[in-house]
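Remarks on the overall topology
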Amino acid sequence: MLRTAWWWFVTFVTLVIIDDLTYGPFYWVLGAFIGPVAAVIAFVVYVVAQLFLINRGVRDEPGRIARWLLDRLMLTRKKTEVAKREAVLHERVTGVVLAVVLAPIIGGVLPALLLHKRGWSQGAVTRVGMVTSVIYAVEFSLLHGYIPSQII
């Protein structure tokens, strides 16, 4: 049981840190210069980028830039235990409620695209994606735009 708990912890840390360490430092630095406005910029950028990726991700051919970004979202994990647990989280996204609940952990794009993969219509996926994108953008902008600007 302790081993299982450990691997779930590692999985959550991995999922949170990937995006945070990739894009978070940019907003930390931005926050040092422009204060809480960095949070607003992070929010807007994240909502727009996620909606773009959802819109492109439901197409047969998303385009070169979108394909590259979408491939980064669905990286293969080196640790088998983490990959198994991430797959469990992805399998849980079967409806709106779980898509919304898991958005802070797996982001705003993946829940919508997972629903599309399960046969949801493009319109339904876009509507769910609007909600999950806003949820994730709020989380990201608070953690990497607002809070650091108050500390620095």
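What counts, and at which threshold
Residues numbered from 1 in each chain as written. Predicted model: local features only at pLDDT ≥ 70, side-chain atom pairs only at ≥ 80, totals over all residues. Heavy atoms only, no water. Phe/Tyr/Trp six-rings, centres within 6.5 Å; stacked < 30°, edge-to-face > 60°. Helix = DSSP H or I, 4+ residues; strand = E, 2+ residues; numbered from the N terminus. Buried < 20%, exposed > 50% of the residue type's maximum accessible area, 1.4 Å probe, protein only. Salt bridge = Lys/Arg side-chain N within 4 Å of Asp/Glu carboxyl O. Contact = heavy atoms within 4.5 Å. pLDDT = per-residue confidence, 0-100. Core = buried A, V, L, I, M, F, W, Y, C linked by side-chain atoms within 4.5 Å.

Considering the packing of aromatic side chains
A full pass over the atoms with the stated rule returns 7 aromatic pairs. On the basis of an interplanar angle of 35° and a centroid distance of 5.8 Å, the ring pair of tryptophan 6 and phenylalanine 9 is categorised as tilted. Of this pair, tryptophan 6 and phenylalanine 9 both sit in helix H1 (residues 2–34), separated by 3 residues, roughly a single helical turn. What makes tryptophan 6 partly exposed here is its relative accessible area of 49%. Taken together through their ring pairs, the aromatic side chains of Tyr23, Phe26, Tyr27, Tyr46, Tyr136 and Phe140 make up a single cluster.

Structural notes on the pattern of salt bridges
Opposite charge on two side chains lets them pair, provided their charged atoms get close. Scanning the entire structure with this criterion turns up 3 salt bridges. In this structure, the salt-bridge partner of glutamate 81 is lysine 84, at a minimum N-O distance of 3.4 Å. Of this pair, glutamate 81 and lysine 84 both sit in helix H4 (residues 80–92), 3 residues apart, which is roughly one turn of that helix. Overall, the relative accessible area of 15% leaves glutamate 81 in the buried class. For glutamate 81, the salt bridge is made with arginine 85, and the minimal N-O distance between the two is 2.7 Å. Separated by 4 residues within a single helix, glutamate 81 and arginine 85 lie in helix H4, roughly one turn from each other. There is no split in this pair, since glutamate 81 and arginine 85 are both buried. Salt bridges sharing common partners tie together Arg3, Glu81, Lys84 and Arg85.

Looking at helix H6 (residues 109–117)
Across the 9 residues of H6, 7 count as buried, placing the element largely inside the fold. Those residues of H6 that are buried lie in contact with helix H2 (37–57), helix H3 (64–73), H4, helix H5 (96–106) and helix H7 (122–151). Remark: glycine 119 follows H6 within two positions and exhibits a positive phi of approximately 100°.

Remarks on the confidence of the model for the protein chain
On average, residues of the protein chain score 88 in pLDDT, and 94% of them reach the 70 mark or higher. H2 holds the highest mean pLDDT among the elements of the protein chain, 95, whereas H1 holds the lowest, 82.

Considerations on the nonpolar core
Ranked by size, the top nonpolar core spans 19 residues in total, and within it Val93, Ile106, Val109, Leu115 and Val125 carry the most contacts. Of all elements in the fold, only H2, H3, H5, H6 and H7 reach the threshold of two or more residues within this core. In terms of residue count, the dominant contributor to this core is H6 (6 residues). Among residues more than four places away in sequence, those in contact with isoleucine 106 are Leu15, Leu89, His90, Val93, Pro111 and Leu114. In terms of nonpolar packing, the next biggest core, distinct from the first, is built from 9 residues, Leu30, Ala42, Val47 and Tyr136 among them.

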